[in-house]
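An overview of the molecular structure
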Amino acid sequence: MAPTRVALVGAAGQTGSSIVEGLLEAGDQFSIVALTRPSSITKPANGNLKDRGVEIRSFDLSGPEEPLVEALRDIDVLICAIAATDQEAQIPLATAAKKAQVKRFVPCAFITVAPPGRMMLRDWKEDIYNHIKRIHLPYTIIDVGWWYQISYPRLPSGKIDYVAMNVPTLIGDGNVPSALTDLRDIGRYVAKIVVDERTLNKYFLAYDELLTPNQVVEELERLSGDTIPREYLSEQTLREKIETASKLYETDLSQAFLKASAEYMLSWGINGDNTPDNAKYLGYLTCKELYPDFQSISYTSYLQEVLDGEAKPVYEDNEEIRSLTISLRESMDGKA
Ligand SMILES: NC(=O)c1ccc[n+]([C@@H]2O[C@H](COP(=O)([O-])OP(=O)(O)OC[C@H]3O[C@@H](n4cnc5c(N)ncnc54)[C@H](OP(=O)(O)O)[C@@H]3O)[C@@H](O)[C@H]2O)c1
């Protein structure tokens, strides 16, 4: 059978890299095209993709439509995994995909489950979903819960500072379950979902485990032998942060990051939005029903990698996200 031709925007990013790995792991089933903005073509990450058999195609979403349509003419499945703040670029992407008769568009979802109107970041994505539906483009929207890689606190010993993102973990009373996924599993789920007719024009939740923040901290304590101080972030603090940041976020990137992060935490940590039950209520299919035999990475084995010094940090070369995360922590700790 001829391979499914998959094109990916954002192939060198965190989510995009996982997707490339998942597609490559599926062997001859896919041929992969990385649609890369001209300014990034010479980045080492794209050289590495090329060495691994990925075709690199120049693609400028801010340019005229015709070259976009031409670049998509031979594509079966188009996947987008661009940064949270670049979502609008998907409007011309979806329009070009429709004109090129792409068989399925997977827009940049890849976040936690939540209803519309709950989080600014999700609402930006919702604008794209609405555009897709208006132009009648076949789609699959894939959410993935919260990455394992940003789900756990640091240890007092400093032993895992090399990899822990240090974002707040204990929200509310710490007892609200939330779907978690190893970033590396995302691509392996995507490789199954995009060739599955059952997922066409559907929302899909791919997740590995359902855990509460207290369970996360207890597991890290059990494996490390350390005692982790419990610093719970209250609903009231989150609401105050959101209110203040909402006045400033349009002109201040760190306030936008604070607003987006606090809204996320309120959604999964207090409202309990990010669960398979809620996903089903919202009309999603889930991986546990469609792919019961999927061998996901367990949370315990991921934490063991972290403790063994073998885990890979996320956003390693992204200074902007790293410094925004530090200012988020300082704000939540009341230091900024
Ligand atoms: N579920 C979770 O826990 C979680 C965590 C983080 C993020 N996310 C979601 O995952 C999605 C992907 O985020 P990420 O952090 O994985 O991305 P990322 O690492 O920031 O990478 C973004 C990629 O998008 C490309 N890109 C950005 N703007 C573009 C444009 N206008 N045209 C073409 N390419 C463009 C970048 O290419 P260049 O090389 O050209 O810069 C880069 O490869 C986000 O939308 C976010 O909401 C979810």
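This one's a predicted model, so the numbers in the text were calculated from it and none came from an experiment. (Residues numbered from 1 in each chain as written. Predicted model: local features only at pLDDT ≥ 70, side-chain atom pairs only at ≥ 80, totals over all residues. Heavy atoms only, no water.)

With the rule as written, the count across this model stands at 23 salt bridges. The salt bridge involving R5 is made with E55; its shortest N-O contact spans 3.8 Å. Remark: E55 occurs in strand β3 (residues 55-58) and R5 occurs in strand β1 (residues 4-9); sequence separation between them is 50 residues. The salt bridge partner of R184 is E305, with a shortest N-O separation of 3.0 Å. Here R184 is found in helix α6 (residues 183-193), whereas its partner E305 is found in helix α12 (residues 299-307), with 121 residues between them in sequence. Among the charged side chains, a network of salt bridges with common partners joins R5, E55, R57 and D74. (Salt bridge = Lys/Arg side-chain N within 4 Å of Asp/Glu carboxyl O. Helix = DSSP H or I, 4+ residues; strand = E, 2+ residues; numbered from the N terminus.)

Its location among the elements puts E126 in helix α5 (residues 120-134). The buried category is assigned to E126, whose relative accessible area is 14%. Reaching out from E126, the side chain makes a polar contact with the side chain of R122 at a distance of 2.6 Å. (Buried < 20%, exposed > 50% of the residue type's maximum accessible area, 1.4 Å probe, protein only. Polar contact = N/O pair within 3.5 Å; in protein donor to acceptor, adjacent residues only side chain to side chain.)

For the chain, the assigned domains are domain 1 (4-145 + 182-205) and domain 2 (148-180 + 209-273 + 293-332). Computed over C-alpha atoms only, the centres of domain 1 and domain 2 are separated by 26 Å. Facing 18 residues of domain 1, the contacting portion of domain 2 comprises 22 residues. For the pair domain 1 and domain 2, the interface holds 2 salt bridges. Seen at the junction of domain 1 and domain 2, the total is 7 residue pairs in polar contact (both at pLDDT 80 or more). At the level of elements, α5 and α6 are the ones that each hand at least two residues to the side of domain 1 that touches domain 2. Here the element with the most residues in the side of domain 1 that touches domain 2 is α6; it accounts for 6 residues. Tallied by class, the residues present in the side of domain 1 that touches domain 2 amount to 9 nonpolar, 3 polar and 6 charged. (Domains from an automatic or database assignment. Contact = heavy atoms within 4.5 Å. Nonpolar A, V, L, I, M, F, W, Y, C, P; charged D, E, K, R; others polar.)

Another point: the environment of L24. In this structure, L24 sits in helix α1 (residues 14-25). Looking at L24, the relative accessible area reads 26%, which means it is partly exposed. Once you skip the residues sitting within four places of it in the chain, L24 turns out to touch I32 and R52.

Pairing in this open sheet of 5 strands is parallel, and the strands run β3-β2-β1-β4-β5 from one edge to the other. Both edges of this open sheet fall to β3 and β5 (104-106), since each of them pairs with a single strand only. Averaged over all adjacent pairs, the angle separating strand axes in this sheet is 25°, with direction ignored. Sitting on the sheet, helix α4 (residues 90-99) touches β1, β4 (77-80) and β5, and the angle it makes with β4 is about 180°. (Pairing = 2+ DSSP bridges. Axes fitted to C-alpha atoms, helices over the stretch in contact; angles between N-to-C directions.)

This paragraph deals with the UniProt feature "domain: NmrA-like" (unreviewed entry) in the chain. According to UniProt, the positions carrying the feature "domain: NmrA-like" (unreviewed entry) are residues 5-252. End C-alpha atoms of residues 5-252 are separated by 40 Å, and the span's content is 36% helix alongside 16% strand. (UniProt positions renumbered as here; feature names shortened; annotations may be inferred.)

Scanning the model with the defined rule gives 11 aromatic pairs in all. In this structure an aromatic cluster arises from ring pairing among Y129, Y139, Y203 and Y284. Over the aromatic face of Y291 sits the side chain of K192, whose NZ or CZ is 5.6 Å from the ring centroid. (Phe/Tyr/Trp six-rings, centres within 6.5 Å; stacked < 30°, edge-to-face > 60°. Lys NZ or Arg CZ within 6 Å of the ring centre and 35° of its normal.)

What follows covers the sheet that holds strand β6 (residues 140-143). The pairing of strands in a sheet happens through backbone hydrogen bonds and is either parallel or antiparallel. The strand order across the open sheet built from 3 strands is β6-β9-β11, with neighbouring strands paired in parallel fashion. Of all the strands in the sheet, the pair left with one neighbour each is β6 and β11 (284-286). Going across the sheet, the axis of each strand differs from the next one's by a mean of 30°, ignoring polarity. The sheet contact formed by β6 and strand β9 (residues 202-205) spans 4 bridges and is parallel. Directly across from T140, in β9, lies its bridge partner K202.

Structurally, D161 is set in the loop between β7 (146-147) and β8 (178-181). The partly exposed category is assigned to D161, whose relative accessible area is 35%. Each C-alpha atom of the pair D161 and I82 lies 27 Å from the other, and the pair is 79 residues apart in sequence. For D161, the contacting residues outside a window of four places in its chain are R154 and L155.

In this section: the site of the ligand. The local shell around the ligand holds 27 residues, among which T15, R37, S40, K125 and Y315 are the closest. For the ligand, an oxygen atom lies 3.2 Å from a polar atom in the backbone of G13. In this structure, an oxygen atom belonging to the ligand sits 3.0 Å away from a side-chain N or O atom of K43. Starting from 920 Å² of accessible surface for the ligand in isolation, the protein chains cover 88%. When contributions to the shell around the ligand are tallied by element, the ones reaching two or more residues are α1 and β7. The residue inventory of the shell around the ligand, partitioned by class, reads 16 nonpolar, 7 polar and 4 charged. (Near = heavy atom within 4 Å. Areas by Shrake-Rupley, 256 points an atom, 1.4 Å probe, with all protein chains shown as cover.)

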